[in-house]
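Letter by letter, the chains look like this.
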Amino acid sequence: MSHLKLIILGASSAIPLSHRYPSAQFLSLANRHFLIDCGEGTQIRLRQENIGFGRIDHILVSHLHGDHFFGLIPLLSTLHLLDRRKPIKIYGPKALKELINSHLSLSNARIGFPIEFIPLDFERKQLIFEDSGVKVHSFPLNHSVPCCGFLFEEKSSPRKMKKGKIAEYGIPFSEIPSIKNGAAWADQFGKLIDNHELTDPPPPPLSYAYCTDTKPVNHLDRYFKGVDLLYHEATFTEEHRERASQTQHSTAAQAAGMAKLTESKHLLLGHFSTRYPKLSDLKEEAAAIFKNCDLVKEGMRIEVFSGDRLPKISLAEVR
Ligand SMILES: [Zn+2]
């Protein structure tokens, strides 16, 4: 059974507060790990959540507003001090590479491991990472500076052999991989056995889409549809809709509209303005439009298993 796990390191926008940190999430999908955005304090949050720094091989930065990347250089510096040797992949706006390099050179700092930088495309959907188990795309959002969302998808697994069929038809083990990939099987009398008689379909691959910071994107469903989890920023409530539009952010109601448009199964709201001491208003606003929604919070863990596919949410206290 495959598994998706999202740990919320920071869920706030702009200003860090004592228990609210700017954007950062740690995603595990099919045993691959991704750090998504890296606001100030991310390395402290990683420690609080007991996430080993050695698990960080991919860091994705959506855009160059400080509340999404001010934690990156301190984290790279710590990885160096921890004697990291293996390479790290950083995905972000082109200027992020210059920013890292000039910061390091002006402060006479050195990073003792290779950084592979992958620039984001702000015009179109782009495959930025792929291996045998997962693929990751970026896609353009609509913010006051170039900004990308990210789509993480498991790859389809092979079909599963039905119980007892190998023995029933005397299928040699060498033929099983091709049958799992959809081939039919000819039995000893030359009779062709349809693949559907022999195998069951695999569970649909798990998927997660991350959309921050952005105005509602009217064609978001061109980039993805039917994801298990959609994280969408909800910086404001409808009361401040105009402010949301001026700053190119979304309201909770607009985020819910995006979940509907993309036929997402579950919506996570985040990136809240610190002006709202009571976040429940944001949830109420979104839930009136899209029922399956939750507010994210520092210390929250959201897990989805390929079996029942229902998000399991737990909350660890952030010290
Ligand atoms: Zn921003």
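Our subject is the structure that appears above.
Residues numbered from 1 in each chain as written. Predicted model: local features only at pLDDT ≥ 70, side-chain atom pairs only at ≥ 80, totals over all residues. Heavy atoms only, no water.

A. Molecular detail of the overall build of the chain. Secondary structure assignment for the chain yields 10 helices and 19 strands. Summarising its shape, the C-alpha atoms of the chain cover approximately 75 × 50 × 40 Å along the three principal directions. Per-residue burial over the chain gives 51% buried out of 319 residues. Taking contacts inside the chain between residues at least 6 apart in sequence as the whole, the part at least 24 apart equals 64%. When the accessible surface of the chain is totalled, it reaches about 14,900 Å², and 53% of it is carbon and sulfur. In the chain, the 40 positive side-chain charges and the 36 negative ones have mean positions that sit 3 Å from each other. (Helix = DSSP H or I, 4+ residues; strand = E, 2+ residues; numbered from the N terminus. Buried < 20%, exposed > 50% of the residue type's maximum accessible area, 1.4 Å probe, protein only. Contact = heavy atoms within 4.5 Å. Areas by Shrake-Rupley, 256 points an atom, 1.4 Å probe, with all protein chains shown as cover. Lys, Arg positive; Asp, Glu negative; His and termini not counted. Charge placed at Lys NZ, Arg CZ, Asp CG, Glu CD.)

B. The packing of aromatic side chains, seen in detail. This structure, assessed with the given rule, holds eight aromatic pairs. With a centroid separation of 5.2 Å and 65 degrees between ring planes, the pair formed by F69 and F70 is classed as edge-to-face. Judged by its relative accessible area of 9%, F69 falls in the buried class. Geometrically, the ring pair formed by F152 and Y208 is stacked, given 6.0 Å between the ring centres and 20 degrees between the ring planes. Taken together, the residues span a long stretch of sequence, with F152 in strand β9 (residues 148-154) and Y208 in strand β14 (residues 207-211) at a distance of 56 residues. Its relative accessible area of 0% is what places F152 among the buried residues. In textbook terms, an aromatic cluster arises when at least three aromatic residues are bridged by ring pairs, as seen for F34, F129, F152 and Y208. We note R47 situated over the ring of F53; from NZ or CZ to the ring centre the distance is 4.7 Å. The ring of F113 has R84 lying over it, and the distance from NZ or CZ to the ring centre is 5.5 Å. (Phe/Tyr/Trp six-rings, centres within 6.5 Å; stacked < 30°, edge-to-face > 60°. Lys NZ or Arg CZ within 6 Å of the ring centre and 35° of its normal.)

C. Examining the coordination of the zinc ion more closely. Summarising the metal site, the zinc ion is bound by the protein donors H63 (NE2), H65 (ND1), H143 (NE2) and D213 (OD), whose distances to it range over 2.2 to 2.4 Å. Every donor counted, the four donor atoms about the zinc ion form angles of 89 to 168 degrees at the centre, which fits irregular coordination. Every donor residue of the zinc ion comes from the same chain, spaced as H-x1-H-x77-H-x69-D. One end of the pair, H63, is in the loop between β4 (58-60) and α2 (66-69); the other, H143, is in the loop between β8 (134-140) and β9, and 80 residues separate them in sequence. For H143, a relative accessible area of 8% corresponds to the buried category. (Donors = N, O, S within 2.8 Å, 3.2 Å for Na, K, Ca; no water. Tetrahedral: all angles 85-135°; square planar, octahedral: opposite > 155°, others 65-115°.)

D. Looking closely at the sheet that holds strand β6 (residues 115-119). With mixed pairing, eight strands are arranged side by side in an open sheet as β6-β5-β4-β3-β2-β1-β18-β19. Where the open sheet ends on each side, the last strands, each with one partner, are β6 and β19 (312-315). Pairs of neighbouring strands in the sheet enclose a mean axial angle of 20 degrees, with direction left out of account. Pairing between strand β3 (residues 32-36) and β4: two bridges, direction parallel. Its bridge partner being in β4, I36 is matched across the sheet by L60. The sheet strands contacting helix α3 (residues 72-81) are β3, β4, β5 (88-92) and β6, and the helix crosses β5 at an angle near 175 degrees. (Pairing = 2+ DSSP bridges. Axes fitted to C-alpha atoms, helices over the stretch in contact; angles between N-to-C directions.)

E. Here's a closer look at the pattern of salt bridges. Across all of its chains, the model carries 17 salt bridges by this definition. Between E49 and R301 there is a salt bridge; the shortest N-O distance is 2.6 Å. Within this pair, whereas E49 is found in the loop between α1 (42-48) and β4, its partner R301 is found in strand β18 (residues 300-305), the two being separated by 252 residues in sequence. The same class applies to E49 as to R301, namely buried. Overlapping salt bridges bring together R45, E49 and R301 as one network. (Salt bridge = Lys/Arg side-chain N within 4 Å of Asp/Glu carboxyl O.)

F. Representation of the side chain of S207 in the model. Take S207: it is sitting in strand β14. Taking the relative accessible area as the measure of exposure, S207 reaches 8% and is therefore buried. Here S207 is in contact with L4, F152, E153, G226, V227, D228 and L229, once residues within four sequence places are set aside.

G. Expanded view of the sheet that holds strand β17 (residues 293-295). Read across the open sheet, the seven strands follow the order β7-β8-β9-β14-β15-β16-β17; overall the sheet is mixed. Unpaired on one side and paired on the other, β7 (126-130) and β17 mark the two borders of the sheet. Pairwise comparison of adjacent strand axes, ignoring direction, gives a mean angle of 20 degrees for this sheet. The pairing of β7 with β8 spans four bridges and is classified as antiparallel.

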